[in-house]
Amino acid sequence: MADKSIQLFGSKEYHFLNWLKSQEQTTSRGATINFSQEEIAVEYGSSPATVNKWLQALQSAGCVEQKKKGSYCVTETGSAVIAKMQEIEKLVGGKKNGH
């Protein structure tokens, strides 16, 4: 599982996860992404098969949850992955501690 997590962390799936998070809308049921896989594919600019593969990988890793058909949410785990990656991007970019 650790190897799979490492592969997921710095991959296209991570960038897709980050994009999904930016598509969330706050509802009475919490933050959700109210797009079907086909709509996500069009909005993201990828094929439906690729989006399906990425969503399955992210769900398997506990980063995304399907609420109901056409409704997804980024989990606490997914949000933590995004936060860590942003932290790493700042470190690599030399933006932390004024560097």
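Look above for the structure.
Residues numbered from 1 in each chain as written. Predicted model: local features only at pLDDT ≥ 70, side-chain atom pairs only at ≥ 80, totals over all residues. Heavy atoms only, no water.

Glancing now at the nonpolar core. Core analysis: the largest hydrophobic core is formed by 19 residues, its most contacted members being Phe16, Leu17, Leu20, Ile40, Leu55, Leu58 and Val64. Taken together, the elements giving at least two residues each to this core come down to α2 (12–22), α3 (37–44), α4 (48–60), β4 (71–74) and α5 (76–92). Top element by residues in this core is α2. It accounts for five residues. Apart from the residues lying within four places of it in its own chain, the contact partners of Phe16 are Ile40, Tyr44, Val51, Trp54, Leu55 and Leu58. (Core = buried A, V, L, I, M, F, W, Y, C linked by side-chain atoms within 4.5 Å. Buried < 20%, exposed > 50% of the residue type's maximum accessible area, 1.4 Å probe, protein only. Helix = DSSP H or I, 4+ residues; strand = E, 2+ residues; numbered from the N terminus. Contact = heavy atoms within 4.5 Å.)

Before going further, it helps to examine the packing of aromatic side chains. Within the structure shown, the criterion is met by five aromatic pairs. Aromatic side chains Phe16 and Tyr44 sit 5.0 Å apart centroid to centroid with 80 degrees between the ring planes, which places their arrangement in the edge-to-face category. One end of the pair, Phe16, is in helix α2; the other, Tyr44, is in helix α3, with 28 residues separating them in the sequence. A relative accessible area of 26% means that Tyr44 is categorised as partly exposed. Plain terms: the ring middles of Phe16 and Trp54 are 5.1 Å apart, the flat faces sit at 45 degrees to each other, and that makes the pair tilted. Note that Phe16 is positioned in helix α2 and Trp54 in helix α4, a separation of 38 residues in sequence. You can call Phe16 buried: its relative accessible area is 0%. (Phe/Tyr/Trp six-rings, centres within 6.5 Å; stacked < 30°, edge-to-face > 60°.)

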